[in-house]
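Structural features, examined
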Amino acid sequence: MDRIIVEGGQRLVGEVEVSGAKNAALPMLAGVLLAEGRHRLRNVPDLADVRTLCKLFEIMGARTQRGEGALADAITIDVDASLTPEAPYDLVRTMRASVLVLGPLVARLGRARVSLPGGCAIGARPIDQHLKGLERLGAEITLEHGYVEARAKKLVGAKFTFDVVSVTGTENLMMAACLAEGRTILENAACEPEVEALAHMLNAMGARIRGAGTPALTIDGVRSLRPVEHPIIPDRIEAGTFLVAAALTQGDVLVKGALPEHMEALIQKLRATGARVTAEQDGVRCQGADVILPTDIKTLAHPGFPTDMQAQLMVLLSVAKGSSMVTETVFENRFMHVLELSRMGADIRIDGKVALVKGVPNLSGAPVMATDLRASACLVLAGLRARGQTEIRRVYHLDRGYERMEEKLSGLGARIERVRD
Ligand code: UD1
């Protein structure tokens, strides 16, 4: 298992390019299953999660190939008329987002069988909204032997209101509704930029979706969709992680390709901590302040503060001059990084959904263990700031969502290396 070793205390300065968004690439890959033919997605990040989904495609009989040279960021997907619409446990348990194939498969092929994902490090994470919504569109859902099976000769458009805002739930139902008969209205839908990006791609395939990016989506079903060539939007969470790295090290970093309109809540909070954040023509720049100020954050669905940035911002607050309150409302158990941060000298107390972060002058390097994707990014950030050496274990979590993170950070002056065991 690889480890990452960081020697803290370097100021990060320079430019770094943002990769394509993991959370856009996964639903867009799933979306191509709605149409037979050859598709090509561009700006696809080379991440463990993307490779997992491609592996699932191979098992189902859809061929995927990453390009070479100038096309290294592209993936070509050949989708046949018939597929084996089944996602086995071994893949789903490593990546919950595999459930995204459920909607497209049942819509086009009339049947899909996907292993139930089970719990994960950041809480129970049920998929009841995906299933209720598909049932509303006329699918018959059965749960047996740890698998969910959805069947429908033809889905039929309907109105569905989500009980809780769910990103992949919205994506799954939006995809399914594209091939349903008649009109579907989804209310209390997720407004994340990745949902909007998926809708753009589906519309380019011939779908008729309106309202993406708002809580109310209207989808008029069509008989079939056509293959597509489409780019993936920049990863706002990766970009945000680099902005925090700049703030944390009193650095000056331009994240090239980052879209400020996707990151408003984060930018506001970075400014509240004293950092200077500016939208430039080709990206977003963050210049760290000498004194980091405390601020409270509360995670919410978009456009609120993203839960996927909570752990990273907490590192910044852990060295602020004063106390901050961090409230996590999206996931249960998403404070797993706190124990490791405490081992690095942070002063954080948890009470249910709230973490009280009392700023300390600095952190001290230590061996730490990553527990999930964003927690591992937070530990890398903590290592960049800490005095001495930090060794982060279980970095396979990091590789699920960050492309070449250590290379990108060393390009900014960080002393960081990966040790392969
Ligand atoms: C997506 C993102 C993930 C991000 C999360 C919240 C992808 C691939 N992953 O995950 O990085 O952290 O959004 O922004 O895009 N819930 C239910 N029932 C459901 C579905 C969800 O109760 O059927 C609950 C979840 O337990 C959670 C909340 O709703 O508490 C939000 O989850 P959801 O938006 O579905 O997260 P994901 O789509 O899995």
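Figured I'd write up the structure that's included with this text. All residue numbers refer to positions counted from 1 along the written sequence of the respective chain. Given that the model is predicted, a residue must reach a pLDDT of at least 70 before its local features are reported, and side-chain atom pairs must reach 80 or more before they are shown or counted; all residues, however, enter totals for whole chains, interfaces and linings. With hydrogens and water stripped out, all remaining heavy atoms of the structure feed into the side-chain values.

Throughout, near means a residue has at least one heavy atom within 4 Å of the molecule or strand. Surrounding the ligand, one finds 19 residues, the nearest of these being D128, S166, T168, D308 and V330. Burial of the ligand by the protein amounts to 86% of the accessible area it has alone, namely 730 Å². Among the secondary structure elements, those contributing two or more residues to the shell around the ligand are α5 (128-136) and α6 (167-178). Only runs of H or I of at least four residues qualify as helices and only runs of E of at least two qualify as strands under DSSP, and these elements are numbered from the N terminus. Residue contributions to the shell around the ligand peak at 3 residues, all from α5. Under the convention used here, a 1.4 Å probe and the Shrake-Rupley method define accessible areas, while residue burial counts only the protein chains that appear.

Attention shifts here to the pattern of salt bridges. Here a salt bridge means any side-chain nitrogen of Lys or Arg lying within 4 Å of a carboxyl oxygen belonging to Asp or Glu. Scanning the entire structure with this criterion turns up 31 salt bridges. For K22, the salt bridge is made with D49, and the minimal N-O distance between the two is 3.6 Å. Taken as a pair, K22 in helix α1 (residues 22-31) and D49 in helix α2 (residues 48-60) lie far apart in primary sequence, 27 residues in all. In this structure, K22 and D49 share a single accessibility class: buried. Of the charged contacts, one joins R285 and E280 as a salt bridge, the two residues approaching to 2.9 Å between their closest N and O atoms. Each residue gets one of three labels from its accessible area relative to the maximum for its type: buried under 20%, exposed over 50%, partly exposed in between, using a 1.4 Å probe on protein chains only. A relative accessible area of 29% means that E280 is categorised as partly exposed.

This paragraph deals with unusual backbone geometry. The omega torsion of the bond from H302 to P303 falls at 10°, within 30 degrees of zero and hence cis. Mapped onto the elements, P303 comes out in the loop between β18 (297-298) and α10 (310-318). In this structure, H145 is a non-glycine residue whose phi angle is positive, near 55°. Here H145 shows up in the loop between β8 (140-144) and β9 (147-151). For H145, a relative accessible area of 71% gives the class exposed. Residues other than glycine seldom take positive phi values, yet Q250 does so here, at roughly 55°. Looking at where Q250 falls in the secondary structure, it is placed in the loop between α8 (236-248) and β15 (252-256). With relative accessibility at 21%, the residue Q250 sits in the partly exposed group.

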